[in-house]
Amino acid sequence: MPIDYKDTLNLPQTDFPMKANLNQREPEMLKLWEEKSIYRKLQEKNKSNKSFILHDGPPYANGNIHIGHALNKILKDMIVKYKSMQGYYSPYVPGWDCHGLPIELQVDKKELQVDKNLGEKKESVDVLQKRQLCREYADKFVNIQREEFKRLGVFGDWDNPYLTMSYDYEASIVREFFRFVKSGSVYKGKKPVHWCPSCVTALAEAEVEYAEKESLSIFVRFQLIDEDVSKHSPQLSGKKVYIVIWTTTPWTLPANLALAVHPELIYAAVEDATEDENAIHIVAEDNLEGLKEKGVIKGNVMLKVSGDKLEGMRARHPFIDRESKVILGDFVTVGEGSGIVHIAPGHGEDDYEAGLKYGLDIYAPVDDRGKFTKHVPEFEGQFVFKANEGIIETLKQRNALLGIDKIRHSYPHCWRCKKPVIFRATAQWFISMEKRNLRQKCLKEIERVEWIPSWGRERIHGMVTNRPDWCISRQRSWGVPITLITCEDCGAFIEDEELFNKIVKLTGQEGADIWFKADVKDLLKDGYKCKCGSTAFKKKIEI
């Protein structure tokens, strides 16, 4: 009789099936956990023990979960379960970010396959109607994502999540905002901010991503006023003297108001004898050889001068009838370019700071859609990036273009639509990073945290150290509004404790929609007067 050799082996015996059949077994396991309230019992068992709390950043209530959500939640769930099995009290409260651009954009899309969508009506729809549609959309995907996360086996208090659109959460945002207002940290200012023309809104630093972009880089010359040449550099009197700038954003040239040189750099005045007019071009001495190699500059050096000696000179804009001042800037570098920076105070952070120092207008002739306004009649209505070619052609016609090339560089893009953004000065609401030492307090807290991996500390420390004031306003509908009432005569906003408490209470009772429903007179006491004596007030409508 043949021997079945498996009967001669000492193998372990088990009732486990040969196949996992996870698509059948996992739902059964999840059902068992829910029926036996495993999560609740685990929390009760460890409640008196030391805590281990995961403060989890919420996903957007926007669409089904993807592999990134799964990786994020499963890894965190493994840690929370591990700590719970070690005996730590580790409740996990899930949450969703229900406000903001991603949700509003989906509601705006004509092709969105939901029961209600705005499509082409999005420009004229009532703000309360849009907010209701956004709330319904967010609520739908909170429920969808909740079931998807539960299907992954993630433990949590899924019946009691935190939602940023819940009335009590919105009220807490308004309450904390008023704390900043009372401390004097909130202000409205016209500053250049990252602006997405596609989404039509300002972006905070955290909403900007950097990606490679190909841009046109050009060398442009500005002719100095003859009178100033004779006054500052008599040796060059009678000659046509130009300052040469380099820029990768030709579209900002219509907003140029100044030319910045470094006070400690040496600048060379180079005579180009190949031109009929014997032009003199001023560039940084350190950049001279490189510019000659590129064919931008030719000729011999006639004069050398330090940057601080050029301050105060005036130049003619190459294609607009106005003058540009020569100013000093420590941010000017020699690397690429000419060592001289064209300054458009409405389109750059350094430009803005320099503009304030020298009393320049914070000028940005570009509308919300990224198109030139009537203040630039030659290019009115053109999208700024598309206007680059027209501006370059104008420079050629005016004999102001010395060189052109293409460059690939890291450029800011909108985190949502992935399209390039622009720097544009607009009136926005900010929280000061300096008032009440907010920046230093944040840096101090960073030092108290153990960072894993350790390089995370350096990254966040650098971001907080260098970040500008926090832009908190958005030109959209779906979010918590800037709950301030301003005087129509003097522009000051009302700082009244009783009013603030009333707004917080109403928000907790009826949600942030109350701000768009209530009339100003219903919020203010009868006969309320501004410090200037005015009785005319209006609400802010930004979020």
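The coordinates are above.
Residues numbered from 1 in each chain as written. Predicted model: local features only at pLDDT ≥ 70, side-chain atom pairs only at ≥ 80, totals over all residues. Heavy atoms only, no water.

## Describing the pairing of strand 15 (residues 422-431)
Next up, step 1: Within strand 15, eight of the 10 residues are buried, which leaves the element mostly enclosed by the surrounding structure.
Next up, step 2: Sheet topology places strand 3 (residues 186-196) next to strand 15; 10 bridges connect them, and they run antiparallel. Bridge pairing in strand 15 links proline 192 to alanine 425. (Buried < 20%, exposed > 50% of the residue type's maximum accessible area, 1.4 Å probe, protein only. Helix = DSSP H or I, 4+ residues; strand = E, 2+ residues; numbered from the N terminus. Pairing = 2+ DSSP bridges.)

## Observations regarding the nonpolar core
Next up, step 1: Counting residues in each nonpolar core, the largest one holds 60 residues, and the members touching the most others are Leu224, Leu253, Tyr267, Ile282, Phe372, Ile391 and Leu395.
Next up, step 2: At six residues, helix 10 (residues 384-397) tops the list of elements feeding residues into this core.
Next up, step 3: Apart from residues no more than four positions distant in its own chain, leucine 253 is found in contact with Ile218, Val220, Phe222, Ile245, His317, Phe319, Arg322, His342, Ile391 and Leu395.
Next up, step 4: Formed by 36 residues, the second largest nonpolar core is a distinct cluster that contains Leu438, Ile472, Val480 and Ile514. (Core = buried A, V, L, I, M, F, W, Y, C linked by side-chain atoms within 4.5 Å. Contact = heavy atoms within 4.5 Å.)

## Quick word on a nonpolar patch on the surface
Next up, step 1: On the surface, a cluster of nonpolar side chains totalling about 450 Å² of accessible area is made up of Leu71, Ile74, Leu75, Met78 and Leu152.
Next up, step 2: Among the secondary structure elements, leucine 71 is positioned in helix 3 (residues 67-85).
Next up, step 3: Here leucine 71 falls in the exposed class, since its relative accessible area comes to 53%. (Patch = residues over 30% accessible without salt bridge, like charges linked within 9 Å, V, L, I, M, F, W, Y side chains within 5 Å. Areas by Shrake-Rupley, 256 points an atom, 1.4 Å probe, with all protein chains shown as cover. Salt bridge = Lys/Arg side-chain N within 4 Å of Asp/Glu carboxyl O.)

## Topic: the sheet that holds strand 15
Next up, step 1: Here we have four strands laid out as an open sheet, ordered 4-3-15-16, and antiparallel in their pairing. Two strands close off the open sheet at either side, each with one partner strand: strand 4 (201-203) and strand 16 (470-471).

## Observations concerning the environment of lysine 505
Next up, step 1: Along the polypeptide, lysine 505 turns up in helix 13 (residues 497-510).
Next up, step 2: On the accessibility criterion, lysine 505 (55% relative accessible area) is exposed.
Next up, step 3: Distance in space between the C-alpha atoms of lysine 505 and valine 174 is 9.7 Å, their sequence separation being 331 residues.

On their own, these measurements won't tell you what the molecule is for.
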